[in-house]
Amino acid sequence: DTAVSQTPKYLVTQMGNDKSIKCEQNLGHDTMYWYKQDSKKFLKIMFSYNNKELIINETVPNRFSPKSPDKAHLNLHINSLELGDSAVYFCASSHTSTSGGNEQFFGPGTRLTVL
Amino acid sequence: GDSVTQMEGPVTLSEEAFLTINCTYTATGYPSLFWYVQYPGEGLQLLLKATKADDKGSNKGFEATYRKETTSFHLEKGSVQVSDSAVYFCALSEGADGLTFGKGTHLIIQP
């Protein structure tokens with residue numbers, strides 16, 4: 001009964017490849033997010049989806065494309081992988097809040113290594 | 001834009017010592033404030049939060065008070081344990097935006 005799950009946990013791939021990371025939440029939340037954590041542990045939001053619609057799209061290369069087939073899933077596709085894409089990617093979800101006070105629940109992370 | 005500044009560490013303390021991790025923020029509006037904790041090899045867990053000025057969030061012996069006048073949300077614990085060793089992140093959010101995180105503070109507690 002994992003709340004927010006991600007697959008795979010580890011992903012090792014060559015430069016130039018295309019890969020996807022999947023995220024699913026069973027909490028009934030209507031907002032989902034992708035965050036990137038770099039090697040120095042710095043976390044930065046990449047995307048936010050509410051009810052399958054894109055809300056936030058921070059300055060992220062267009063090689064990254066989120067796809068939300070339904071409210072419970074938010075997948076991250078990355079084309080033409082580069083060395084600098086190596087990081088840990090976290091999915092998160094929350095109830096929608098206009099005041100910003102709702103807790104976000106995080107998945108366990110996907111460690112992407114680009115060789 | 002919004003930003004969060006926190007001491008980066010590592011912070012090394014002995015068991016039962018008093019802990020303070022400073023956090024200050026800059027925001028355009030009236031944000032909610034959070035502390036998240038990341039144990040080795042795991043995702044982030046919410047430790048505590050406060051949504052308005054003078055609110056005190058508390059959990060597992062940790063406390064932080066929302067100070068609007070000093071734009072701060074310092075994390076404190078009276079007596080730390082080895083099991084508290086982790087990375088602690090201060091964060092804020094406004095409206096439907098995602099979280100803006102500080103750079104994280106690596107806490108090491110020695111027996």
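Residues numbered from 1 in each chain as written. Chains lettered and ligands numbered in written order. Predicted model: local features only at pLDDT ≥ 70, side-chain atom pairs only at ≥ 80, totals over all residues. Heavy atoms only, no water.

### Remarks on the state of the cysteines
A complete count under the given rule lists two disulfides over all chains for this structure. Between the sulfur atoms of Cys23 of chain A and its disulfide partner Cys91 of chain A the distance amounts to 1.8 Å. Judged by the sign of its S-S torsion, about -75°, the bond between Cys23 of chain A and Cys91 of chain A is left-handed. With Cys23 of chain A in strand β3 (residues 19-25) and Cys91 of chain A in strand β9 (residues 87-94), this pair connects stretches of sequence that are 68 residues apart. Taking relative accessible area as the criterion, Cys91 of chain A reaches 0% and is therefore assigned buried. A disulfide bridge connects Cys23 of chain B with Cys90 of chain B, and the sulfur atoms are separated by 1.9 Å. Between Cys23 of chain B and Cys90 of chain B, the disulfide has an S-S torsion of -70° and is therefore left-handed. Of this pair, Cys23 of chain B sits in strand β4 (residues 23-26) while Cys90 of chain B sits in strand β10 (residues 86-93), placing them 67 residues apart in sequence. Look at Cys23 of chain B and you get buried, because its relative accessible area is 1%. Of the residues examined, Cys90 of chain B reaches a relative accessible area of 2% and is grouped as buried. (Disulfide = S-S within 2.5 Å. Helix = DSSP H or I, 4+ residues; strand = E, 2+ residues; numbered from the N terminus. Buried < 20%, exposed > 50% of the residue type's maximum accessible area, 1.4 Å probe, protein only.)

### Some words on the sheet that holds strand β7 (residues 64-70) of chain A
All names here are of chain A. The four strands lie next to each other as β1-β3-β8-β7, forming an open sheet whose pairing is antiparallel. Edge positions in the open sheet fall to β1 (4-7) and β7, since each of these has one partner strand only. Recorded for the sheet is a direction-independent mean angle of 20° between the axes of neighbouring strands. As defined by bridge partners, β7 adjoins strand β8 (residues 73-78) across five bridges and the pair is classed as antiparallel. (Pairing = 2+ DSSP bridges. Axes fitted to C-alpha atoms, helices over the stretch in contact; angles between N-to-C directions.)

### Focus: the environment of Ser58 of chain B
Residue and element names in this part refer to chain B. As for its placement among the helices and strands, Ser58 is situated in strand β7 (residues 56-59). Here the alpha-carbon distance between Ser58 and Leu47, two residues 11 residues apart in the chain, equals 7.9 Å. Those residues in contact with Ser58 that lie beyond four places of it in its chain are Leu48 and Glu63. (Contact = heavy atoms within 4.5 Å.)

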